Structure formats: structure tokens, C-alpha cells
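Listed below are the residues making up each chain.
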Amino acid sequence: MIRFILNNKLVQSDDPPGMLLLDLIRYREHLSGTKIGCREGDCGACTVLTGEWKGGQVVYRPVVSCLTALGNVHQKHVVTVEGLNMKELSFLQQAICEESGTQCGFCTPGFIVSMAGFCLSENAPTHARALAAVDGNICRCTGYKSIERALSKVAALLRERQGDAMTFAVDHGILPAYFKEIPGRLAELSLQPNGVLHERKGSRFLGGGTDLYVKDHAGMSQADLEFLSTEESLKGIVLEEGRCSIGGAATVSDLKESPIIRQAFPHFDQYARLISSTPIRNIATVAGNFVNASPIGDLTVFFLALDASLTLSDGVSRRELPLRKFYKGYKLLDKAPEEFIEKISFPMPDKNERFHFEKVSKRTHLDIASVNTAMQVKMSGTGTIVEGHLSAGGVGPVPAYLTKTSSLLKGEKPDSHLLARVIGAAQQEISPISDVRGTADYKRLLLSNLIKAHFLTLFPHLPVEDLL
Amino acid sequence: MKHIDSAKHTRGESIYLDDIPLLQGTLFAAAFGSPLAHGTIRRLDLSDAEQCPGVVRIFTFKDVRGENQIGGIIPDEPLFAENHVHFIGMPLALVVAESDAAARHAVGKIKADIDPWPVVTDPRVAQANGELIVPPRTFRLGDTEKAWSLCEHIVEGRTDTNGQEHLYIETQGAYAVPLEDQTIRVYSSTQAPTAVQRAVSKITGLAMNALDIEVTRLGGGFGGKEDQANVWAALVALACLHLKKPVKYALPRVDDMVMTGKRHPYSSDFKLGLDKDLRIVAYEVDFYQNAGAAADLSPAVLERTLFHSTNSYFIPNVRATAYSCRTHLPPNTAFRGFGGPQGMFVIEAAIAKAAETLNISAALIQKRNLQRTGDEFPYGQRAVSEAHACWQKAEDLYDADALRKQVDSFNMKNALFKKGLAFMPVCFGISFTKTLLNQARAQVHVYTDGSVSVSTGAVEMGQGVNTKMLQVAATTFSIDPALVKIQATSTWKIANTSPTAASATADLNGKAVLMACTEIVGRLKDVAAAELNTPPGNIELHNGMVYVDGSPTGMTWKQLVMAAYIRRVSLSEHAHYATPEIHFDAAREKGHPFSYHVYGTAIVIVTLDCLRGRYTIDAVKVVHDFGTSMNPQIDRGQIEGGIVQGIGWMTMEEVVYDESGRLRSNTLSTYKIPDIYSVPAEIAIDFLHTDRDNLAIFRSKAVGEPPLMYGIGAYFALRNAIHAFNAGAALPFDAPMTPEKALMALYQKQVKHVAG
């Protein structure tokens, strides 16, 4: 039995754990404020908050309920727009109304919920973060400017904040008072007998579900599932003997918030912004991106440049495998059906290593790449490249580590001649096809230019004119 | 006044089609659409699907009780395919089951054996094959043949604008509920309740008075639910009639995208001639409209393309011809702008081509040729023009010279990024071009407690029309707006409605509300005069109180209403409004089709990342002719939203059909519309306030469609940015300017590189 708190009410559900949270909210609980726009996580009309009891406090994150299995909200607090309503309009609702940030209104509850997620985050409430909070919400009517104005008002209020986010939000008319009782209620819920989600192992793995539910919503809802995202042991990001080790069920947001990742990649926020959207990043797992085997998986391409290693487990035994050897062909993995990715690790970069990630898609944010690429170089004290690694997605049947091209970098001084050789070699090594993400010619040109972008970023002393 | 639905919207308490509480016994429908774009149906095998658990019945054309026909302008569109299929997604069957999931599952078990026929997706090919929806139409002014000899410069070229998916966030849907006596109520997400009523009547064979089509609101429409809501309503109503059970169909997004038409793609040829002073002397244009497989609204869209073929410019010699070409795509349909944007794009491209050829700024040509009051449109109407006023104010207010200098200096300094600037003037005619549609009715009841109920034919889809209706009633009665309630739109309350479209809904229905309220006010003044023993001419209603000769009497609105009731005076009125002055003779293609025009000018500035091909829109600075806006907040929202939708059409929104007529961009992951990061960093809107009398409600000019066309400026600004990097790039006029097209143009090989 799945138990969770939905707004201010305990829900105990015997529905299949693979059932979508959205369907339960709308058609079992008849809370119609959560809307259906696309059922694939691309519009945000169904956004809800999930709150998880973590070390003495509840951590809230917005997620798309159209891709969230009931099993993934077990023992959590789920908040729909109805759970944010008070007798009078909340500060967020007022801000949207005052700025005329709603027209047809269909997307509005999703925006309100995402804005509540912003108010519940302990991060400093900058204008950029306010915008980022609704990066997964699509509106077709307003042109967003009015919503931006409302967000500015909200961010301005939050800048007065002292103390914790939830208390401030309740005290300033952003959230209803019952939120203050939720930590206690969640703590209690986690201690209840029969609190275990399921006693036996399912036959099909499910992480965040952001990919599997898009592909087969009906099938997944009835599938016999093994939930990986509820396993705490699969979640941590730690340093072990000079390597960074990431649990397979860690989400993109977990990466973004990890001090270890931020230390390894000071610009990680900038890359993460290009990868899906806030409510997707909150549930999509790193391992899921790998096993999806999409030729343009953003994280896959990211980690391919890092010489990452996978630990695969079938629950009994484990084996190690370099990520670069994981892909055997289009959507073909070196992985048995009973295996799952337990962790991903890579050598922690030192001060001589530089890294950069590039992605271009039709829409810069919340879109699938036409081409993405990552490059890592280790520099000597004299400015030569000790070794270099280049990966690229969207240019072949699998996310590619460009072995030959990478080998060219070794021992070279970065300059326009090397750039030309690298681009030439990369063009030999790739085999893009024309599809809805662009023509083959475009992808070739794009990769060449993104390699230039790598050089411009990684070797900022090089004159722009030489590299163009 | 705020949008009256705002608070409900933010609380998630507004009710859309899928939120209507279900009646017991409700069944769920799902359509099986043709898997091929063109062919002869050999066999439709329903046997496996019928055996699926939960399936109640599967309907085909054989079950139609009336006539299997839903074509609005031309009866050329069957509801269910009978012998032939004409586009992928054309309904062949409707599964009705006990659950949504069961219905969809069974749809997957239907097998259709179809002999394929050749598929045409290109309108020029269709035209060459003689496949036209209606005969071609030509608008003429002056004599272009003679005029070419007067031209110093002549440019010719071709343009292509792609379609656009409406992407209302609420998908299409309908819910039919059986009432007694063979009557049916259909809740429909439609902009056109009467069109739905007609279609349902035709399919079911029931009279129109047996059909109540009810609409509370839409989660977006943009034209997509003007004619294309009919299909789903007719399907569920037919099933409801047979089964005597409520039947609902709320479309999954992919069904909606695959089965419904979009903005019409156009391919066009132009020839433009200028004299030595850059005055446009002659313009010839041929438009090839991709209508899709059936007429839908295409003939009307085609007509508006011709009406707007010269945009804001006066051109003395014009020949504009338009072909509506039948292809094997879903019937394309209304979309904000309704053919106008497609027409304007071509003249703007022609001007850009001339400017590029002469190596001058397009703005020079644009400005020199702006239309003046009294100038004749190619269709005979004389302009009452604000074109110069808007342009000049935009230049002055936003300091266009300084903006140009900033762009130039940025481009001098930056090798990797280039900026582009373009002006986009807009002139858009208001009224349905089909004159008969310019009529509306309103029903106003005043209850004895003083509350007021208003029903019109207008459909609220976010544009704020209900708010404006409420303002009209509250202003006319001079009462607290809280006393007024706008009721759901229903064909039993208001008959023979025109669709909520053409930007004209607030004008038409607002005038009807005004008339109804004014009539009631007249009667109430008589009552007050009798009660207070004074001539009616001395009575005034003000802020909910009765005044005599400007002094308060102490009599309240509520007391007055009660007094009228006691005297058995009618507190209800049903008023009819028909726009005066307008007429059009299609035989001559001349007349006075528009009650007025809306003008505006936008300055659009973009920054192009010349390494990655992606771009940002820095600013859209607008001076817009609002007349006297009755609701600046709502009108600003329409401008901002319209601009962003127009920019989407011109930049990232790419409808992709393959050669077999299959939609490849059939989900939100493959069809991208603007998100919060892709909108202009700045949208500045200045209200050109004019108090000249016009036919708009309270002189507040229509605002729904015109701003979309400011987005066209983004395309031309991007061209300019590309040319700043690659001066010789030979760019086709092919919209949208996706990052792919931009990058390919930036690195066109044959041309010399002039960066830095």
C-alpha cells in the first residue's frame, strides 16, 4: 500500500504503484487544478510539489505528475494547487493576478506550484532563480512578461527572508499554515508499520520515469516495477579515494546541488540549465540518462568526456565497466536485463584539468539537443595538452567518445592548427543522419563550431579571429 | 479592471472541459485516424478491437444518422472517411468504451487495409495539378503591367512561410450528455458554438433547437478551435445519440497534433518595383496557400491574405492573386492573423530584397511608403491611417537612430555575436471579411436583487472578452461590477452566433450588450421618473444610485430594480447588433469590408550567436494604435502574448511533415514553442491614444490578432544579423529562421567572410 500526504490529507492507495500521480490526483481525488497538457513532461501544466523528509526537515521539489509513479511519492508530501489555496489569495496568486500573468488560465496552476517551489527553496532568491523556477512551465497566451513581473515581486519579498524558507512562506501568506505540521506528519508516516512500499522485487526497473512513461504510459502503469529512486543507497554523491562517486538514482538536481560536483565543475549550473527543466531535473536520474541510450543523452555525453566508470549490479554481484564501452550500437547496451547501474564514478579533476560542455537545440532550454559535446583537457605547466577527451552526441547511433580525435590532442599546444586538425578528425569519426533535430550537414557544421567553442572557452588566451 | 477569471485561474478552480464532473455512466471515446495520407479503403477490420475489454461499440460512417458532412464553407469534408482517405489522422472509426484507457487500447487493434495513392504536400504541385479548393482570386489596383516601365528598380523573388501549431495548452475535446426528448447537450471546447451546433445537427439529423452547445471557457484557442472543434463534438454527439449515454472525448496531445490542421503554410512569388525616390510603384504577388485536404476555413483565410497583401503601405499598382491548393495534409485552419501574417510576410520580404539589392536599410523604403488617410487599399476601401503616427512615434520615443548606432557599434566590436534590427509596421482590418458574420446578440437579465446576468455569443479563451462584456454592462448600468455575472456561452441562450474570431468579438458582442443594457436603462429611468415625479430626462444612474438633475435621491439601484418589477416593467432584454457601413462585392473584389483598421509599428532587435546559430530577442519596442483602450491591462497582455506567438512562428516553431504526409513534429518534444527564456528581454508597449470616433466598442480598438504580426520583425532582424556576419549570404525568404537555418546561412561557403 502506498501512503502519502496529498495536500492536507493522508492518502492510502491500493492502486498499482506504477499508476501516474497525475491520474490519481485528477481522477481518483478529483482535484482538477492539476492540468493535462502533454503527458510527457514538456509543458508543466501538471506540476506538483513533492516534499521529502530529509534529516530533520522536508525538502520540497516541483515535479511533473504526468511522469511520476505513485511508488515514487510513497511517504512524501504531495502538493497540488489546491494545497496552496487559502481563504484569500496567497501572495503568489495575488502577484499573478496583479500583473495579469494569467489569460486562459490552463497553465496557471502549474506556474503557481512552481513558484511555490521557488519559495520553498533555501537558495538565495535571485531574479535568475525565480525565472529558472518556471523553466518547465509553458504558457501560450501571455508571452511570459507579466509572469516575469510577478516573479520579480515574489523574489523581492523573499529577499527579506531570515530563517527557514517554509516558516517565512507561511508567515508571509505564501503557504497555508498546515505546512508547519507536515514535517511531524511525514516523520510519523515514515515510522509507521507497513510503511514499506513493496516487499518483493519487481521485474522492471524504474528510476525517475521521465523516459519510460513518455514511451509507454499505459504499459508502465500496470508494470511490475522495481523502484530505484526510493533506494537511499543509490542516491549519494561522495568522494572516494580521489574519485567522485554518484549513486545511480541521483537526479540531475542532486548533481547541481552537490558541493563535490560544484567543486569539480564550477560552471555546472550553466550546463544544467541546458538540460531539460527544473521539474524534470528533479526526478530524472543520471543512470536513466545512460540506459536510455539516446544518441543525444546530455549527461551521457557529459560523462563520456570524463572517463567515467559504471558499477552494474544484478542485486547479487557487481561489475565495473567504462561508460565508453557501455554502448554497443543504436540503443544496444552492455547490460543484462537484471542489471541496474548502482553508481557512476570518475576521477576528481585537479587544477590542471579543464572541462566544458556545449549543447545546441532548436529551443535553447527544455529541448533535446541537435548536437551536444563535452571536452576535457589536462594541461601541463607549459601550456601543452597532456591529454584530452572529446565526446559528442547527435552525430552517430550512440553517444560517442571520439577516440581518434581525442588522441590528437595529446602533447599538443592548443592553437588554430590543432583546432583545424581536431575538427577534421572529428568529421571523419562521426556519421550524423538527417532527422527532426536537423540535417546531417547541419550537425556536422554544428559540431565543428562547438569544438571551436570548446577551444575558445578552454584556451581563452587564443585570439578569436584565429579560431573562426 | 483585472481579468475576471484571474483569481479562479490561480487557485486552479476554473473549469475546463476535462474538469466537468462526470455523470454516472459516462463512456469514453477515441478516434481511429487514417494511417495513410491518400488512398482507397479496401477493408476496415474492427473485429479485434470489438473484442477488447470495456469496448461498448465502434462507430463508422454507417452510423451517421444525418449527413456524413462537417464542411463549413464548402461541404467537402466527411466526418468519417467512407471510401477514401485524404490525410493522416482522418477519422475512420470511433471507439466508445467504459474507460479512456480501454478506448485507446482498442483503437490500437483496428486494422485498415488501404490502397495507397500518390501524396501531394506541396501547394505549388497541387496548383499545377489543378487541385484548387476554390477558384483563384485576384485583387487589383491601378495597372501593374503599365507601371513596370515607371520603375527604376525591380526585384523578384520567392518566399515560404511554414505552418504553425496552435498548441493551446488545453487540447480539443467534447462531452455529450443525453437529455430527454432526443435532445443533447454538448460541452465543447470550441470558439464557435453555432458551428458545432450545425455540425452536430447535420451528423445526428437532430434539429438545431435540440442541441445545446455550452462553453464556459477554453484553455486557449488561437483559431484552432474555430472550425476544428466540430469533429470531436459531432463524434461524441453521434455516439451519445446511439447509446443514450454521456460520451466524452478529451484528446491526447498527439491525437490533437496529428489530426488537426494548423496555420496555413504559404509559398509565394513577388515582383516589386520602386521609383528613384524609393516609392513603391507596383507590386505583383502570387500566393500558393497549402489548404490541406478540405476547405475548412481556407477560402476565408485566403481572402484575408489578399486584404493584407500590402500591409501598411500605399501601392498605386497592385495585382495580387491567391490559390487555395488542396494537398494531403489535415485541413489547415484559422490561426491568429488568419492569412494576414502570410500576406504581410511577402511584402516585407519584397521590401527587404529591394533594400538588400540597393544596399540600403529596409526602413527607408518602409517609411517612405506608409499609407496615409484617404489612400486606397487594393480592395477599394479608403484608409483612416495611423501608420505614420505609429512609425514616427516609435522612431522618436525609442530613439531609433541611437538604437541603430548601438547595433552597428556592437557589430564592429564583436566577432562572435551580431545584432540585427528591423522595423515591422502592421495594418490589420477589423471585421469578419464575410460581411454576414458581423452580427451578434446579447441577453441581459436584471434580477430583483439587483444582480445582472449577461449572455453573449462570445467565448472566453483567455483574451478577456468576458471581462470586457462585464465592463460594458457595469458601465452602462453604472453599478458595481461585482453585481454582474457573465454566463457560459450557450446556443440555447444565444442563437446563430458568429465564432469568437477575427478580433471582432468584443466589438460585436459588446455593442449588443451595450444596446441591451441601454434599453433596460431607458426603462429604468422611466420607472425612476414615475417614482420620483420628474421627467425621465432628469434621471441619471450613477454608481448604483439614482440621481435627479445631478443630485442624489437616495434611491438605490436595487430599489429601482424592485420598483420596476413591481410596476411590471421588463428587466430583460435581448439585443441584436449588426456592424453598419461594411460591405464587399466579391465579384468585383471591391468594397468596404472593415469597420476600421488597427495600426502599429514595432522595432525588433536580436542578437545572434554566430558560432552556435542560436539567438536571443533583445527587444521589441512597439507603438500600437489602441484607439481608447477600455482595459489597458488586458490589451497589454494581448500585445505581449501576440508578439511572442508571432516570434515563435518566425523562429523556432517548425511544423515538419514528411513526404508521405506524416507529421514528424507531433509532440511537445519535437515541436517547440517559446518558453520563458526565449521571449524578448524587453517588450516596450506605447499606447497610441486616438479619440477619433470609430466603430469599436467604447472606441477601444480590437487587439487580438494585430500584435502577432510584430513577430515578423524578428525574422528580418535575424536576416540583418546574419548579413552583419556574412554580408554576401544568399538567404532564401524561408521562415521560420530556426537556429539550423541561421547557422547554415552564417557559414554559406561561396561568400566572403567579413567578420570583425
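Residues numbered from 1 in each chain as written. Chains lettered and ligands numbered in written order. Predicted model: local features only at pLDDT ≥ 70, side-chain atom pairs only at ≥ 80, totals over all residues.

Colleague: Account for the sheet that holds strand 10 (residues 309-313) of chain A, naming residues and giving values.
Modeller: Residue and element names in this part refer to chain A. Read across the sheet, 5 strands follow the order 8-9-14-10-11 without closing on themselves; strand pairing throughout is antiparallel. Either end of the sheet is taken by a strand with one partner, and the two such strands are strand 8 (237-240) and strand 11 (318-322). Averaged over neighbouring strand pairs, the angle between their axes works out to 25° when direction is ignored. Taken together, the 5 bridges between strand 9 (residues 243-247) and strand 14 (residues 340-347) define a ladder with antiparallel strand orientation. What sits directly across from Ile246, in strand 14, is Ile344. (Pairing = 2+ DSSP bridges. Helix = DSSP H or I, 4+ residues; strand = E, 2+ residues; numbered from the N terminus. Axes fitted to C-alpha atoms, helices over the stretch in contact; angles between N-to-C directions.)

Colleague: Kindly report on the domain arrangement of chain B, identifying the contributing residues and their values.
Modeller: Segmenting chain B into domains produces domain 1 (6-118 + 166-259), domain 2 (120-164 + 263-358), domain 3 (384-432 + 592-756) and domain 4 (439-578). Within the side of domain 1 of chain B that touches domain 3 of chain B, the residues separate by chemical class into 7 nonpolar, no polar and 1 charged. (Domains from an automatic or database assignment. Nonpolar A, V, L, I, M, F, W, Y, C, P; charged D, E, K, R; others polar.)

Colleague: Tell me about the interface of chain B and chain A, and please be specific about residues and values.
Modeller: Opposite the 66 residues of chain B that make contact, chain A presents 58 residues. Tallying contributions element by element places helix 17 (residues 632-650) of chain B first for the side of chain B that touches chain A, with 7 residues. A per-class count over the side of chain B that touches chain A returns 28 nonpolar, 22 polar and 16 charged. (Contact = placed C-beta atoms within 7 Å.)

Colleague: Any chance you could break down the domain arrangement of chain A for me, citing the residues and the numbers?
Modeller: Residues and elements named next belong to chain A. Domain annotation of chain A identifies domain 1 (1-194 + 204-229) and domain 2 (232-467). Look at where the C-alpha atoms of domain 1 and domain 2 centre, and you get two points 30 Å apart. Top contributing element to the side of domain 1 that touches domain 2 by residue count: strand 4 (residues 57-64), with 4 residues. Among the residues making up the side of domain 1 that touches domain 2, the classes are represented as 8 nonpolar, 10 polar and 4 charged.

Colleague: Explain helix 9 (residues 298-307) of chain B to me, and be specific about the residues and the numbers.
Modeller: Within helix 9 of chain B, 10 of the 10 residues are buried, which leaves the element mostly enclosed by the surrounding structure. For helix 9 of chain B, the elements touching its buried residues are strand 7 (137-141), strand 14 (280-292), strand 15 (317-326), helix 10 (340-358) and strand 16 (417-430) of chain B. (Buried ≥ 20, exposed ≤ 12 C-beta atoms within 10 Å, placed from the backbone.)

Colleague: If you had to explain unusual backbone geometry to someone new, which residues and values would you point to?
Modeller: Cis geometry marks the peptide bond from B:Ala735 to B:Pro736, where omega comes out at 5°. Locating B:Pro736 in the fold gives a position in the loop between strand 30 (733-735) and helix 19 (739-746). Positive phi values are uncommon outside glycine, yet A:Ala293 reaches one of about 65°. By the secondary structure assignment, A:Ala293 is in the loop between helix 14 (286-292) and helix 15 (298-304). The phi torsion at B:Asp399 lies on the positive side, around 50°, for a residue other than glycine.

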